[in-house]
Amino acid sequence: MLVTILICGLTTVSMSSCSKDDNDDNNGGEPASSAIVGMKVKYYVKIESQATLDACNATVEYTDANGKTQSQALTSLNAFSPELVTIKGLPNKAEMKLTISPKDDWTAEKYDVDATYGIGAVAVDVQGNGKGTLDVKTEIITNKGVKTETKKTFTRTKTVTITADGKVGSDI
């Protein structure tokens, strides 16, 4: 009888002690399916006035899902806001560069620059699910009456990063 009680007791202890080994955990104790593997990035640029488009060339360069730089000329008042871009790999970085410069054939004495731009990111797991809130922080460029003779170019660069431990940061 005593042997039977001991065997039952040992069986219970040994079965409960191996349950942690049988699951899909990584070293951090989270399921491997929720491990952070990269980030989702959102870009946003909007030229706010037709006067800016008439006088200036506007271009946005941004990091695509393969980590390559893409370029897009902005030719309308529609916002440049592509679908979320998922960039895999830790650590990693995504960058957006907005350039607004007067057109070579602009003959008026002055021009205006009026635009909004921003970037945001959130960590992403193996299934592509965002971990946290994706918040695009925007800034505004407003510069009225720029003298054409100065040929002033406005360049703004924004960067988001993800660290090796899955923390998203921004230079905004």
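Residues numbered from 1 in each chain as written. Predicted model: local features only at pLDDT ≥ 70, side-chain atom pairs only at ≥ 80, totals over all residues. Heavy atoms only, no water.

A word on the side chain of Asp125
Put simply, the test is: A run of H or I in DSSP becomes a helix once it reaches four residues, and a run of E becomes a strand once it reaches two; helices and strands are each numbered from the N terminus. Accessible area is worked out with a 1.4 Å probe on protein chains only. A residue is then buried under 20% of its type maximum, exposed over 50%, and partly exposed in between. Residues adjacent in sequence count toward polar contacts only when both atoms are side-chain atoms; beyond that, a polar contact is any pair of N or O atoms within 3.5 Å, and within protein one must be able to donate a hydrogen and the other to accept it.
Secondary-structure assignment places Asp125 in strand E6 (residues 110–125). Assessed through its relative accessible area of 3%, Asp125 is described here as buried. Of note is the side chain of Asp125, whose polar atom sits 2.9 Å from the backbone nitrogen of Asn129.

Thoughts on unusual backbone geometry
Along the chain, Leu90 connects to Pro91 via a cis peptide bond; the corresponding omega equals -15°. Of note, Lys151 is a non-glycine position whose phi angle comes to about 45°, a positive value. Turning to its location among the elements, Lys151 is positioned in the loop between strand E8 (137–147) and strand E9 (154–162). Among the residues examined, Lys151 registers a relative accessible area of 44% and is labelled partly exposed.

A few points about the sheet that holds strand E2 (residues 56–63)
The test is simple: Any two strands with at least two DSSP-identified bridges between them are counted as paired. Axis lines are fitted through C-alpha atoms, for helices just across the contact stretch, and the angle between N-to-C directions can take any value from 0 to 180 degrees.
Strand order in the open sheet made by the five strands is E3-E2-E5-E9-E10, with antiparallel pairing throughout. Looking at which strands have only one partner, the edges of the open sheet turn out to be strand E3 (69–74) and strand E10 (168–170). Strand-to-strand twist across the sheet, computed as the mean angle between neighbouring axes with direction ignored, equals 15°. Both strand E5 (residues 92–102) and E9 contribute to a ladder of nine bridges, which runs antiparallel. Across the sheet, residue Lys97 finds its bridge partner in E9, namely Thr157.

Focus: the nonpolar core
How we decide: Among the buried residues, those of types Ala, Val, Leu, Ile, Met, Phe, Trp, Tyr and Cys that are joined through side-chain atoms within 4.5 Å form a nonpolar core. Two residues form a contact once any of their heavy atoms are found within 4.5 Å.
Formed by 31 residues in total, the largest nonpolar core has its most connected members in Val41, Tyr43, Val45, Leu74 and Ile100. For this core, the secondary-structure elements that each account for two or more residues are strand E1 (36–47), helix H2 (50–55), E2, strand E4 (85–88), E5, E6, E8 and E9. Aside from chain neighbours lying at most four places away, what touches Val41 is Glu83, Leu84, Val85, Ile87, Ala94, Ile119, Gly120, Ala121 and Val160.

Side note on the confidence of the model for the protein
Heads up, the rule is: pLDDT runs from 0 to 100 and stands for how confident the predictor is about each residue.
Taken residue by residue, the protein gives an average pLDDT of 86. The fraction at 70 or more is 80%. Low pLDDT (under 50) marks residues 13–26, which in the prediction has eleven contacts with non-local residues, meaning those over four places away or in another chain.

Here's the deal with the packing of aromatic side chains
Two measures describe an aromatic ring pair: the distance that separates the ring centres and the angle between the ring planes. Test applied: Two rings from Phe, Tyr or Trp (for Trp, the six-membered ring) form a pair when their centres are within 6.5 Å of each other. A pair whose planes differ by under 30 degrees is stacked, one over 60 is edge-to-face, and the rest are tilted.
Across all of its chains, the model carries two aromatic pairs by this definition. Ring centres of Tyr62 and Phe80 lie 5.3 Å apart, and the angle between their planes is 50°; this geometry places the pair in the tilted category. Within this pair, whereas Tyr62 is found in strand E2, its partner Phe80 is found in the loop between E3 and E4, the two being separated by 18 residues in sequence. Both residues of the pair, Tyr62 and Phe80, belong to the buried class. Taken together, the aromatic side chains of Tyr43, Tyr62 and Phe80 make up a single cluster linked through ring pairs.

A few points about the side chain of Ser49
Within the fold, Ser49 resides in the loop between E1 and H2. In terms of polar contacts, Ser49 uses its side chain to reach the side chain of Thr52, at 2.8 Å. Here Ser49 is in contact with Leu77 and Asp114, once residues within four sequence places are set aside.

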